[in-house]
Amino acid sequence: MRKIITNSLYILLILTLSASTALLAYLHFFAPGDRTLAGEWRTEVDMTGRAAAEAFGWLQDIEGVSVSREEVEARMRNLTVQVNLVFQETGRFEGVFYGSVPQESYEACRQAAYEAFAAEFLALLAERLRMAGYGDGMDRENLEALVTETFGMSTLEYLMSRGPALLPSLEELQGRYEGSGVYEVSDGILIRQFETGGAGAVKTENYIRKEGSLILSGEADEDGSGYFGEQYPVLYTLQDNETE
């Protein structure tokens, strides 16, 4: 009799813990109001460090002038590309998602990066001419005229066509962030799986939620390899047009 009572207590305890875990996961991700996952989430992927590093490496080759990476990065501020992530709930702890990288956001970031690059290039060119004794009174308009005469195009056009690639290609970012798949919530962790690379490879990403944000906590490829965090940190925030 005592064994039956003990076993019954163990079963009751397990059921209680299971119910509590499910309830916590539900409250964490799916409670009414601002806890729903359904809707559009958005992140801004910072490209400043990548663009500054590429520009700095190229500018170092200008003879007779010096510039630090910090100076280049200070000019290239707030270079971001938008990534959208839409969740649609199909069940209490599961659903589907769609990720996209708007081309217009990428092009705007690329344009801003090269405009900052051009400004730094002209500043260094003015310094180089001054040091050589040819730069007194050389303003930006005159510098632009000199570049156009030399290369047959404006500074911006020259750098965009002949300079380094400041950003990853749009295709590279789309391959990293775009796609569709399924998600589930398990033990308070949002897990989403989707195909990447166009070859059927499956990637899994884990997120934790803090208020109106989803924070990437780890990811792994199909072979199980993975790491915590990533090259471009991701923190998605829920937009105002979420589905109730």
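It should be noted that the structure appears before, not after, this text.
Residues numbered from 1 in each chain as written. Predicted model: local features only at pLDDT ≥ 70, side-chain atom pairs only at ≥ 80, totals over all residues. Heavy atoms only, no water.

1. Concerning helix 5 (residues 140-151)
- Under the 1.5 Å per step criterion, the end-to-end length of helix 5 is 16 Å for twelve residues, consistent within 8% with the ideal 16 Å.
- Of the residues making up helix 5, those classed as buried are Leu143, Glu144 and Val147. All buried residues of helix 5 fall inside an arc of 100 degrees around its axis, so they share one side. Among the exposed residues of helix 5, those pointing more than 90 degrees away from its buried face are Glu141 and Glu149.
- Buried residues belonging to helix 5 abut helix 4 (103-131) and helix 6 (155-162). (Helix = DSSP H or I, 4+ residues; strand = E, 2+ residues; numbered from the N terminus. Expected span 1.5 Å × (residues − 1). Buried < 20%, exposed > 50% of the residue type's maximum accessible area, 1.4 Å probe, protein only. Arc of directions from axis to C-beta. Contact = heavy atoms within 4.5 Å.)

2. Some thoughts on the pattern of salt bridges
- Throughout the structure, instances matching the rule amount to eight salt bridges.
- Residue glutamate 73 is joined to arginine 69 by a salt bridge in which the shortest nitrogen-to-oxygen separation is 4.0 Å. Note that glutamate 73 and arginine 69 are positioned in helix 3 (residues 69-75) at a spacing of four residues, about one turn of the helix.
- Among the ionic pairs, glutamate 205 bridges to arginine 176, the shortest N-O distance being 3.3 Å. Of the two residues, glutamate 205 sits in strand 6 (residues 201-210) while arginine 176 sits in helix 7 (residues 170-177), which places them 29 residues apart along the sequence. For the pair formed by glutamate 205 and arginine 176, the shared burial category is buried.
- Via salt bridges that share partners, Arg176, Arg192 and Glu205 belong to a single interconnected network. (Salt bridge = Lys/Arg side-chain N within 4 Å of Asp/Glu carboxyl O.)

3. Points about the nonpolar core
- Core analysis: the largest hydrophobic core is formed by 51 residues, its most contacted members being Met76 and Phe87.
- Non-local contacts of phenylalanine 87, meaning those with residues more than four positions away in its chain, are made with Leu37, Ala38, Gly39, Trp41, Val96, Phe97, Tyr183, Leu190 and Leu214. (Core = buried A, V, L, I, M, F, W, Y, C linked by side-chain atoms within 4.5 Å.)

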